[in-house]
Amino acid sequence: MKPYVTLIERHTYTQTHTSKSRVKRLDNVASVFGAKKSENVKDKRILLVDDVMTTGATLTACANVLLDAQALVVDMAVIAAGRY
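Reading guide: rules and limits
Residues numbered from 1 in each chain as written. Predicted model: local features only at pLDDT ≥ 70, side-chain atom pairs only at ≥ 80, totals over all residues. Heavy atoms only, no water. Helix = DSSP H or I, 4+ residues; strand = E, 2+ residues; numbered from the N terminus. Buried < 20%, exposed > 50% of the residue type's maximum accessible area, 1.4 Å probe, protein only. Contact = heavy atoms within 4.5 Å. Expected span 1.5 Å × (residues − 1).

(A) Structural detail: the environment of Val78. Here Val78 lies in strand β4 (residues 73-81). Judged by its relative accessible area of 31%, Val78 falls in the partly exposed class. Sequence separation between Val78 and Leu48 is 30 residues, and the spatial gap between their C-alpha atoms is 8.5 Å. With sequence-adjacent residues up to four places away left out, Val78 is seen in contact with Asp50, Asp51, Val52, Met53 and Leu59.

(B) Up close: helix α2 (residues 57-68). Over its twelve residues, α2 runs 16 Å from end to end, which matches the ideal 16 Å to within 8%, given 1.5 Å per residue. All of the buried residues along α2 are Ala57, Leu59, Ala61, Cys62, Ala63, Val65 and Leu66. On the buried face of α2, the contacting elements are β1 (8-10), α1 (22-28), β2 (33-35), β3 (45-53) and β4. Directly beyond the C-terminal end of α2, a positive phi value near 75° is found at Gln70.

Okay, here's the thing in structure tokens:
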């Protein structure tokens, strides 16, 4: 079993996404997250796990942070997907 490591931290807290369109959700989380330690990410394959995905805005923002920190690949797993 691979260890669980927190690689992303939230820099800014945002309003709820419930009443926002997909585009507004993407804008809402565009610069909210950052990599905790880039050396933990560089040249590694990362599995990003989320409990619920509606539009994918948060997952997209987090994956972009990991890729910007030079992750080799970011895979995503979702427990439940909602409709939007």
